[in-house]
Amino acid sequence: METRMVMQREQEEMSSKMSHSMELSSQIKKKTFTSSDEEPSYSDFYPIIPADVMSVKEILNMDNLPRHRTWEILTETMDADEEYHRDKWTLFGNEAEKVELDVLRNQRLLRTRIDKMALRKQAERKASMHMKYLKRLSQKAPDFPIPLRAHTVWEGMTVKLCCTIQGCPPPEVTWYKDGVPLRMSDKPWNYSFQQKCGLILLEIRRCSPDDAGEYKVIAKSPLGEAMTFGTLVVNSYQGAVAGSKHSPVLASQLEEAQFGTVFPPTWVKEGDSLTLQCTFTSALLTFQQDVSWFRDGIQLNQSSVVDIKTIDNAASITLSAVHKEHEGIYTVQLRTCDGIQEHSAFVYVKDAAAAVVGGPASPLSVQVSDINKDYVFLTWQPPSADGASPVKGYYVERCDLSQGEWVRCNVHVQKMCHYPVFGLKEGTLYQFRVRAVNQAGVGRPSKATEPILTADPLEHTRTMVIKVDEERTITITKDELEGQVKIPFPPTNVHACEVSDTYVVLSWTEPEPRGREPLTFYVERSLAGTSSWELASLDMVVNAPRFPVFDLVKGKQYCFRVRSINKYGVSDPSEPSALISLGEPQGAPAPPDSVMAIRDTDTSVLLQWKEPKEKDDILGYYLYYSEAGKHAWKTVNNKPITKNRFTVHGLKTQKEYVFRVKSVSRAGKSSYSDESQPILVKSAIHVPSAPSAIALLLCTGSEMVLGWRAPAYNGGDPVRGYYVDQMEKGMKTWREVNVKPVKEKQIKISNLTSGHFYQFRVFAANVVGVGKPSDASEAFLCEKWTMPEPGCPYDLMLREVRNDSLVLLWAAPLYEGRGPVTGYFLEISQGDQSDDWTALNEKPISDTHYKVSGLQAGQTYRLRVSAVNEAGVGCASLPSEPVTAQTRPGTKNIEIGVDDDGFIFLGYEADEMNDGSKFLWNKNYTEPIDAERAREESKKNRSHLIFTDPSEDDLGLYTVEMSDNPNLSSSYDFTAEDLERLKELSWQVRNPLIALKSGWQVEVSEKGAVRLWLQTESLSDAAELHLIFNDQEISSSPHRQINFDKAKGLVEILFDQLSQEDEGSYTAQLKDGRAKNQFTLVFVDQKFRQTLALADAKRRDFLRKSGPYFEEFLSWSVNKDCELIIKCKVTNTNKDTSLKWFKDGKEVTQVVYEQSSGVSTLTIPQVTKKEAGTYRAVVSDRRGEDVSTLEMLDEEYDKLLQQLSKQCALSAGPLSIESTAEGFKLYSSLKYYISYLKTSWYFKEKRIDQEARTKPGSSMQKVWIEIFNPTENDKGKYTLEMFDGKETHKRTLDLSGQVFADALLEYQRLKQAAIAEKNRAKVTKGLPDVVAIREDKSLCLTCFIEGEPAPEIFWFRNDKEIHSQDQFVITKERKCSTITVNNVNTEDSGKYSIYVRNQYGSETVDVTVSVYKHGEKPPANAVEMG
């Protein structure tokens, strides 16, 4: 009892200590020790002794112990010790109280500071929001109230350029000098820049002529941009120096770079490297060196997989290994004086080869979230390509970087694109990847995630830093404040943070206080409605407050609770969670609709679609395309597009395409959207590009004539006209020259002032609108031309550009000088900017076109032309636009030939055409074609120039070009040799013979119709046919149809039913324009009769097949079992069709008919003479009937017997021997035997005829020969020959040796047995089985006996011998014995037997006697006697 009390005290004191510890850390009001007189509770301070030991004090306080002086001394000592310890514990309690009060004071101070900081942050946030609101109210675009003004200073002086700026938010200000950003760091001793209170000041000390120029200030903000400029002129003591004299030099020295060549849309295979490169027009200036690269708006930086280079005038970016995540819009940005220039292009990442044939592509965008000690949560996006079958799900794999091996995380396929990974090691680096699975197998892995370190995400929340003063801080962990917590508290807030249709992820909050020891957890679950709990985590160690549960039952609800565990023990369970169950399967997203394709360029299409109504879970869209009508679908993008529009690149020009779209979510991909309408890939119509090369062609002093080069790109529609602006030098405003557009590429401008300089710019316009202006021309001086040399040629155009040649065209100068132009000199320069010109001709040429030969393929050239008159060579024209010597793919040349009408023509085929494209034919490039001598015909993308009556006047150079694309051009020199050759060919075409492909043919159709036909070469629609039959022209009639297919050159005569009247000769006379020919068929005599008979036979057969008919007629065969099989096969049957068999007019019912195959069979197991006869099968329904007859008579029956005999003979077994009482029996067994099979027996090759000792015989299944009373002379070889009417079949037996001895011995035994059986005593007849007799009558039983010697006779009743007496009288004779029973009564009923015997044997015969009384009926089975 005392032990239990001590244990109870120990538990109470431990509980009290724990609660006291909690009170120290959570309550404010505490108990204090005021004096040493207070009585402390020892149980609060002293440890409890073990249960089996009692303290001295307890012993002394026991009343039942005897008192002694020793006890008093011990009591006094204990009192003194008690007082000492009381004083000591009082001191300790007061000190502990002071420490506790200090901790509480610091806690209150810390809480106050935290509250103040929170209030301060809240106030600052509200103030910031208010300030932003005020700023939005006061926002204003940049503006210069006081702009820069021009200054003129002396060299060496200081000048201040200033202006004022307004704008909210404050704009960013940049200074420029002569268009180049001004960097203060270049000359810090010379420049001083200030900006304060809206005043912008630039101070230039000790001005020099280099400082002269135009200064500009540009202010930029999100709301806009403003600019002001002023000119600084520095006067030198040697003379005034204008800033403009130095500015061009400085500007040219510091010309900023622009984009040159840029990268187009690019396709790269997954896993390969990617390089994008662009070049610039010049070397990058210092401020332009920082070229930035972006993907989908996110800047890319140098890394181990990204290499960014900027060298001289080129920049590039290289990705060492491309993944689908790298697909997107790549942008390169270049800083310029006017801002930022950028170029963008889409990079498509194509799927790599599948891991297995028909396997899916790799998933993408694998993301890791909710990282804990042993748990992470993965999400990813499905691939665009499923492979040969739809994706069934995914496998997740992980790699411990310390081991380097990939391990699969899930056993079963995960259908959704998210998965919780559990069971990881804390503090370990992992990578994750995902593979898709379909019916073909597992696909390629996705891109692996970045390395992830598993750790406690709440570790930072367990540390608090307290700032003591400006220099000192104190770091306090929760473990230090919580004290010594041993057994942990239970977790709280158990709930489901992730719910799927296959798993649930549980989450909870760790206990507070947590304690210093490491925590793990047990997870328990209970089915809703029950009170029993089971362990859900089983043998798994749960280190983090996350746990996925996979084995839940669909449709059931569960509660979960969690226990904390450390080395001291297990906590109480947490509060149960709310009811949790598996979620419903997430369905695939809805597909988009209203997919619409819009023209963009020659190789791209803009695709738009309408998003689904429910789009919250949609991650993006996959696009697919196919050429119209082919259904060969290909993937456009492998990374989901988040917008509902996209430009699809890489399409073929002039091809029609259709598109469709899929939505993408974590649940997978939607079904395909409806296909878009087919769209033809061609460039959309835009405004034309700017004209170029403005040249002054003539000036009279008050008028100028200008010329220019047409736009390089007309926007897809011909240029309808041009607009010109002019501006006098020194002015800032452009003025329109013409309100109405001019059609030609030149204009006369009047009302100009002589001696003034003018600049001009030109706009081109088409049906869409007016394009951008050209660059301003140089300043032309308005002064009358009086030079003797001619002016410059103009309107240089390039045609027929090939790998080694091109043709240059130009217009004659408008100003001829002193005399008319006599010729032209041409010069060429290699490169697009070189000023090194080389003459092409030594002597001037008179034409305004020239073919330049000897070019190098791939090289770029420029050309210019100078006119010559008697005064000399005039100024050169402006250079042509740069051109690369390269034959355009698909380029066609002019072909010459003769058409079907015998006309000579020149033909040209264009590989590209628009709706408004036209073919422009000329002679010698500029002379129009005389309509009386030639005409132009166009069809689709081909044009013919057809000569009416060609002669020597038509010889010369002919050219053709496309109206909207002069780059498509060609020429042909029509020579006298061509004229002579083609005239001869023309005569042959105009007087031709129609060529024959196939002469007259005769065909008979399945219906019995007759077709006479011949085929020639293809004829025109104007071809004529005259058909002559027996010297008379015929035409179509009800009996005879004539067809003439001119395109195929086919002539047909069709007879539904050929008759005798159709015999004769047929002649086809054909004429097609000038071509003609005739062909004759002699259709008489044997050829006609054979055709007529065949047509009649096929007609009858067709009529028969209009309903059910016999595909195979009645036929017979004999199988291996010697059975007669009669069968037929019908077809074209239905459920109403009936099939009946008849033999000699009587229906046969033993027929098997399989309606599915149409086979009907009659099987006769054994053929006899009654099987001979006429067999008839009839198949019929309401459509008609068909009959098949088989005559099994005469010769056909003999054939059957012969075939049956053959099968019977083949079925014969080997010869066997059987011994009998008479001798030997040699036999062979058959399936069965018929008399048609002739048999013969041979002994030692000699035929055995029937004699006394031999006897052949047969039965239905055996053939034998008997040898009576055999002797040694019967030894030898016996042969059975069976003749089936055609062949002889043999079976042999060697009857000798042991075989003969055994047979002979058996014969002798059987013979003796037969003798014994013959002489044995036996009862032959006389006694029935049961007899009945009425009482008082006499019964007489008589039986007959045989046997040699005469047998002994005995009679028995009920197995007792009967001797003769009054009632029983027995008579015995040699072959007969009788027993008579007189006056029978019921006692005489019983079994009566007769027993006979002799030396060879005995026999007993029983009879049952039943005696019935008067009035009774005898037994039914008895023979009534008396």
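Whatever comes next refers back to the structure up there.
Residues numbered from 1 in each chain as written. Predicted model: local features only at pLDDT ≥ 70, side-chain atom pairs only at ≥ 80, totals over all residues. Heavy atoms only, no water.

J.: What should I look at first to understand the sheet that holds strand 92 (residues 1330-1334) in this one?
T.: Backbone hydrogen bonds hold the strands of a sheet together, and the pairing may be parallel or antiparallel. The mixed open sheet is built from six strands, whose spatial order is 95-94-98-99-92-100. Only two strands of the sheet have a single neighbouring strand rather than two, namely strand 95 (1360-1361) and strand 100 (1423-1424). With five bridges joining them, strand 92 and strand 99 (residues 1401-1412) adopt parallel strand pairing. Opposite Val 1330, over in strand 99, you have Thr 1408 as the bridge partner. (Pairing = 2+ DSSP bridges. Helix = DSSP H or I, 4+ residues; strand = E, 2+ residues; numbered from the N terminus.)

J.: Sorry if this is basic, but what is going on with the pairing of strand 57 (residues 860-869) here?
T.: It is a general feature of regular strands that their side chains alternate between the two faces of the sheet. The element strand 57 is largely enclosed, with a buried count of eight among its ten residues. The pairing of strand 54 (residues 823-830) with strand 57 spans eight bridges and is antiparallel. Pairing of Ser 829 across the sheet is with Arg 862, part of strand 57. Bridge count between strand 57 and strand 59 (residues 883-884): two bridges; the pairing is antiparallel. (Buried < 20%, exposed > 50% of the residue type's maximum accessible area, 1.4 Å probe, protein only.)

J.: What should I look at first to understand the environment of Asn 841 in this one?
T.: Summarising the element assignment, Asn 841 is placed in the loop between strand 55 (838-839) and strand 56 (849-853). With a relative accessible area of 8%, Asn 841 lands in the buried category. Between the alpha carbons of Asn 841 and Val 852 there is a distance of 9.9 Å; along the sequence they are eleven residues apart. Those residues in contact with Asn 841, other than ones at most four positions away along the chain, are Tyr 824, Phe 825 and Leu 826. Among the polar contacts listed, one links the side chain of Asn 841 to the backbone nitrogen of Leu 826, at a separation of 2.9 Å. Among the polar contacts made by the side chain of Asn 841, one reaches the main-chain carbonyl oxygen of Lys 843 at a distance of 2.9 Å. (Contact = heavy atoms within 4.5 Å. Polar contact = N/O pair within 3.5 Å; in protein donor to acceptor, adjacent residues only side chain to side chain.)

J.: In this structure, what is going on with the packing of aromatic side chains? I would like to understand it.
T.: Under the criterion given, the structure shown has 32 aromatic pairs. Pairing Tyr 624 with Tyr 672 gives two aromatic rings, centres 5.2 Å apart and planes at 85 degrees, and the pair type is edge-to-face. Here Tyr 672 lies in the loop between strand 43 (668-669) and strand 44 (679-680) and Tyr 624 lies in strand 39 (residues 618-627), a separation of 48 residues in the sequence. The exposure class assigned to Tyr 624 is buried, which follows from its relative accessible area of 3%. By relative accessible area, Tyr 672 is classed as partly exposed at 34%. Here the aromatic rings of Phe 1055 and Tyr 1066 are separated by 6.3 Å at their centres, their planes lie at 70 degrees, and the arrangement is edge-to-face. (Phe/Tyr/Trp six-rings, centres within 6.5 Å; stacked < 30°, edge-to-face > 60°.)

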